[in-house]
Amino acid sequence: MNWADIPIPAEIKKISGLEVLSSQELWIGAINQVNTQNGPATRVYHTLNGGSTWTSNDLVYTGPTVSSIKFFDHFHGRVLCEYRIYSTNDAGLTWHEQILSYDMPPLTCMNWPDSSKCLIAGFYGYIFGSDNGGQNWQEQSHGTKASFSDIFFTSDQTGYAVGHEQYLTAIYRTIDGGNSWLKTPLDSTNGGSLNDIEFSDENNGWAVGYWGGILHTTDAGQTWVDLNSGFSSSYYAVNMYTSKFIWIGGYPCKMIRSVDYGSTWQDISLQISDYDVKKILFLDSLNGYTVLGKSYDLTLGKMFKTIDGGLSWIPIDFINTSNKGVLAISFPSVNEGYISIYNQG
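Let us look at the structure shown here. (Residues numbered from 1 in each chain as written. Predicted model: local features only at pLDDT ≥ 70, side-chain atom pairs only at ≥ 80, totals over all residues. Heavy atoms only, no water.)

### Quick word on the pairing of strand E4 (residues 39-47)
Burial analysis of E4 places eight of its nine residues in the buried class, which makes it a mostly covered element. Sheet analysis places strand E2 (residues 26-30) next to E4, joined by four bridges and oriented antiparallel. What sits directly across from Trp27, in E4, is His46. Pairing geometry for strand E3 (residues 34-36) and E4, over three bridges, is antiparallel. Bridged to Asn35 within E4 is Pro40. The antiparallel pairing of E3 with E4 creates a hairpin that spans two residues between the two strands. (Buried < 20%, exposed > 50% of the residue type's maximum accessible area, 1.4 Å probe, protein only. Helix = DSSP H or I, 4+ residues; strand = E, 2+ residues; numbered from the N terminus. Pairing = 2+ DSSP bridges.)

If you want it as structure tokens, here you go:
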């Protein structure tokens, strides 16, 4: 695969959201603000010609920065800025602001099962839900004090939020579209926070986290098995291709895989010291990508490609971006992909 540097506005220092609608149409959100005569502006950017030209939209002045961005098509999009939601139905010409609350910690993750339903989660148990495309929002926290790192829905009714609660591993599950959440009893003695969760279908899912935490469900999250993979690590990422192929990555540059539904595991770690596996994305059972980074320095990062399921890895060199941190990754197909680089987009 050959990589071409997509030019972006020079004012962007760090991208916090990337949405690829086609090879020509992209939306990005920047975590840094831009000084204007109205004050520091939180902006999103849109291109219709693969990055040759960009238009920008100022969402708010002297407010929170972009946490996540989601577009369903050319016209309809939503942007999460910590505790605010911005919606557009005309390709960014106008934006509607909704303030969920001023008195709350940041919301960190957003998941849209479809264009109507959305769940947003964050620190200290805050969960908000909408079932009408974000026109109205309801708090659905129900008293939990858990801090959530990731949220994943397998349908418009069934979803999961993972993280930690009082320093113990926590998984919450909803089967009514987020109207109610129940904490799932866990036998895990790990105690570490969960960082990532993914399902291959409505029944089979994996959640990974600190201190070697790997949990597996085959019954739609009703019960979870604490897996002993035989490898000690803290894990940041999990990715699946069907229920048969699973890849898990973390610290220190640890990666393991299973090709038999999680029955056995193979160490396929990259032998690179002082880096962690931050992201994993497989497009099929053979073709995949991994992003390495350093928790203490976002400006340093590496990216690798595999064509044999992770048995061997090929370094990917970006144009003028050697050792830069990769912040977002999206692949519409095996041959077409997009990444954003720290301080370069």
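From this point on, the discussion continues.
### Some details on the sheet that holds strand E12 (residues 127-130)
Spatial strand order, E10-E11-E12-E13: four strands in an open sheet with antiparallel pairing. At either margin of the open sheet sits one strand with a lone partner, and together these are strand E10 (107-111) and strand E13 (138-139). Where E12 and E13 come together, two bridges link them in antiparallel fashion. Of the residues in E13, the one forming a bridge with Phe128 is Glu139.

### Considering the pattern of salt bridges
This model, assessed by the stated rule, comprises five salt bridges. A salt bridge links Arg43 to Asp58; the nearest nitrogen and oxygen atoms lie 2.4 Å apart. With a gap of 15 residues between them, Arg43 in strand E4 and Asp58 in strand E5 (residues 55-61) connect regions that are remote in the sequence. With relative accessibility at 14%, the residue Arg43 sits in the buried group. A residue is classified by how much of its surface remains accessible, and Asp58, at 28% relative accessible area, is partly exposed. Across the pair Lys183 and Glu165 runs a salt bridge, and its minimum N-O distance is 3.1 Å. Linking Lys183 in strand E17 (residues 182-183) with Glu165 in strand E15 (residues 159-165), this pair joins segments that are 18 residues apart in sequence. (Salt bridge = Lys/Arg side-chain N within 4 Å of Asp/Glu carboxyl O.)

### Some words on the sheet that holds strand E21 (residues 225-226)
Within a sheet, adjacent strands bond to each other through the backbone by hydrogen bonds, running parallel or antiparallel. Judged by pairing direction, the sheet is antiparallel, and its four strands sit side by side in the order E18-E19-E20-E21 without closing on themselves. Since the sheet does not close on itself, it has two edges, and those belong to strand E18 (194-199) and E21, each with one partner. Summarising the sheet, E18 and strand E19 (residues 205-209) pair through five bridges and their orientation is antiparallel. Looking across to E19, one finds that Asp196 is bridged to Val208.

### Re the nonpolar core
Trp247, Met255, Leu270, Ile280, Leu292 and Trp313 are the most contacted members of the largest nonpolar core, which has 14 residues in total. If you list the elements that add at least two residues to this core, you get strand E23 (245-251) and strand E26 (276-282). Here the element with the most residues in this core is E26; it accounts for three residues. When residues no more than four places from it in sequence are discounted, the contact partners of Met255 are Ile248, Gly249, Gln266, Asp267, Ile268, Ser269, Leu270, Val277, Ile280, Thr290 and Trp313. (Core = buried A, V, L, I, M, F, W, Y, C linked by side-chain atoms within 4.5 Å. Contact = heavy atoms within 4.5 Å.)

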